[in-house]
Structures are given as structure tokens and as C-alpha cells.
Amino acid sequence: MTDSHEVQRRDFVNIILVGLSSVIGLIIGIPAISYLLSPAVKIREEEAWIPLGPLDAYPLDQPTLFSYTRTKINGWEKTVNSFGACVWRYGAGESEVKVYSNMCTHLSCRVSWTEETNLYVCPCHDAGFNKEGEVVAGPPPEPLYEYETKVEEGVLSIKHMEV
Ligand code: FES
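An account of the accompanying structure is given in this report. Note that the structure is a prediction, hence the values are computed from the model and not measured. (Residues numbered from 1 in each chain as written. Predicted model: local features only at pLDDT ≥ 70, side-chain atom pairs only at ≥ 80, totals over all residues.)

### Section: the overall build of the protein chain
Heads up, the condition is: Per the convention used, a helix needs a DSSP run of H or I reaching at least four residues, while a strand needs a run of E reaching at least two, with both numbered from the N terminus. We call a residue exposed when 12 or fewer other C-beta atoms sit within 10 Å of its C-beta, buried when the count reaches 20 or more, and partly exposed for counts in between; the C-beta positions come from the backbone. The contact rule is simple: place each C-beta atom from the backbone, and if two of them lie within 7 Å, those residues are in contact.
Counting secondary structure elements, the protein chain contains one helix and 10 strands. A burial count over the protein chain gives 17% of its 163 residues as buried. Of the contacts formed within the protein chain by residues at least 6 apart in sequence, a portion of 44% connects residues at least 24 apart.

Quick look at the structure:
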């Protein structure tokens, strides 16, 4: 009879200890696991408005390169990428501006504006794009990517997109 009571008391204590251990483990473990996993599951904003400075600082009818960098965080991996935006003011008005990516749509080489040819030239496979970003020579399958723009209080901004 006494042995049976001993066993029951021991079982009861064991059950209580296991229960308490589990509760303490959950109290400590859930925040710790959340902290460790949160960077990996966070969704990062890939779009952002990038200010390119006063619109008036860009010359009329002369595509001008503006370079900027963006830091991308993917979990614990942090990468810094550089981008180029070619600003073309085709008129004096605030809405008379177009901005193209300087990334070639063929294999992503960088294009640059050349006065001699009046084209954005890609040196990788001798491609050419006109001022409107349209392909006029070479293998690129699409025109240059055109950024969405806005001008607020005289400052030109583009909507950055990972392209
Ligand atoms: S990468 Fe520009 S033409 Fe091939």
C-alpha cells in the first residue's frame, strides 16, 4: 500500500516537473526563435522614391547620368547594388523629363549616352538606343526601362524598382 502511494506521488511530481519545464521552455523559446527567424521572414520594400536633385540642374536635351546605390537585405545577407539613371529633359517644363535605366535590356551591361552618335551605346554587343530609349541597333529585345518620375518643389525623383 505504501509502495503504491510512493509510486503515485513520484508520478505526480514527474508530471508537474515535465509540465513546468515545458511551460518555461515555451516562455523562453518562442521569443528566442522569433528573434532568430524574423530577419529571414521579413518582407522588404523593394520600391522607393529616389531624389535626383533639382530638375533645373539637368541640362536641356542632353541625357545626363545620375548614379545611386541601394542596400538590399535578404535575411542576414546585405548587398549594396549601384544603379544608373539617365535623365533627359526634352523641354523646360516640370513634366518634360524622362529617366531611363542605364542597364541594357540584353545582358545588363551599362549603356552610356554619346553625343557623336546621339545614342545610348552598349559596348558589350554594339547596341544602340535612341533618346526615347528605343532599340535602334543590336540584339536588345526591349527598350530601356523607363522610371516613373515626379517633381516636387523643383526636385526630381524616380521610383526605384528592381529591374
Ligand atoms: S548587353 Fe547590351 S547589347 Fe548585349
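Now that the structure has been shown, the text picks up again.
### Observations regarding the environment of Tyr-100
Position of Tyr-100 relative to the elements: it lies in strand S4 (residues 97–101). Taking the C-alpha atoms as reference points, Tyr-100 and Leu-144, 44 residues apart in sequence, are found 6.1 Å from one another.

### Structural notes on the sheet that holds S4
Here is the rule: Pairing between two strands is assigned when DSSP locates at least 2 bridges connecting them. Between N-to-C directions, angles span 0 to 180 degrees; the directions come from axes that are lines fitted to C-alpha atoms, helices contributing only their stretch in contact.
Taking strand neighbours across the sheet as the criterion, the three strands line up as S2-S3-S4 in an open arrangement whose pairing is antiparallel. Here the strands that pair on one side only, and so sit at the sheet edges, are strand S2 (64–74) and S4. On average, each strand axis in the sheet is inclined to that of its neighbour by 30 degrees, with strand direction left out of account. Sheet analysis places strand S3 (residues 77–89) next to S4, joined by five bridges and oriented antiparallel. Within S4, the residue paired with Arg-89 across the bridge is Val-97.

### Regarding the sheet that holds strand S6 (residues 119–122)
Taking strand neighbours across the sheet as the criterion, the four strands line up as S5-S6-S7-S8 in an open arrangement whose pairing is antiparallel. Looking at the sheet topology across the chains shown, the edges are occupied by strand S5 (112–114) and strand S8 (135–137). Neighbour-to-neighbour, the strand axes of the sheet open up by a mean angle of 40 degrees, direction not taken into account. Two strands pair when backbone bridges link them, and strand S7 (residues 127–129) and S8 are joined in this way by two bridges, in the antiparallel orientation. If you follow Gly-128 over to S8, its bridge partner there is Ala-137.

### Structural notes on the nonpolar core
Defined as follows: Buried Ala, Val, Leu, Ile, Met, Phe, Trp, Tyr and Cys residues form a nonpolar core when they are connected through C-beta atoms within 7 Å.
Counting residues in each nonpolar core, the largest one holds 20 residues, and the members touching the most others are Ala-85, Cys-86, Val-87, Val-97 and Val-99. Within the residue set of this core, elements represented by two or more residues are S3, S4, S6, S7 and strand S10 (155–160). The biggest single contributor to this core is S3, with four residues. Not counting chain neighbours up to four residues away, the residues in contact with Cys-86 comprise Pro-63, Leu-65, Val-99, Tyr-100, Asn-102, Trp-113 and Tyr-120.

### Details of the environment of Cys-104
If you trace the backbone, Cys-104 turns up in the loop between S4 and S5. Cys-104 gets classed as buried once you count the C-beta atoms within 10 Å, which come to 24. Separated by 31 residues in the primary sequence, Cys-104 and Val-135 place their C-alpha atoms 10.0 Å from one another. Those residues in contact with Cys-104 that lie beyond four places of it in its chain are Cys-109, Val-111, Cys-122, Cys-124, Ala-127 and Pro-140.

### A word on unusual backbone geometry
With a phi angle near 60 degrees, Asn-118 is a residue other than glycine that sits in the positive phi range. Within the secondary structure, Asn-118 is located in the loop between S5 and S6. For Asn-118, a count of 12 C-beta atoms within 10 Å corresponds to the exposed category. Look at Asp-126: it is not a glycine, yet its phi comes out positive at around 55 degrees. Among the structural elements, Asp-126 can be located in the loop between S6 and S7.

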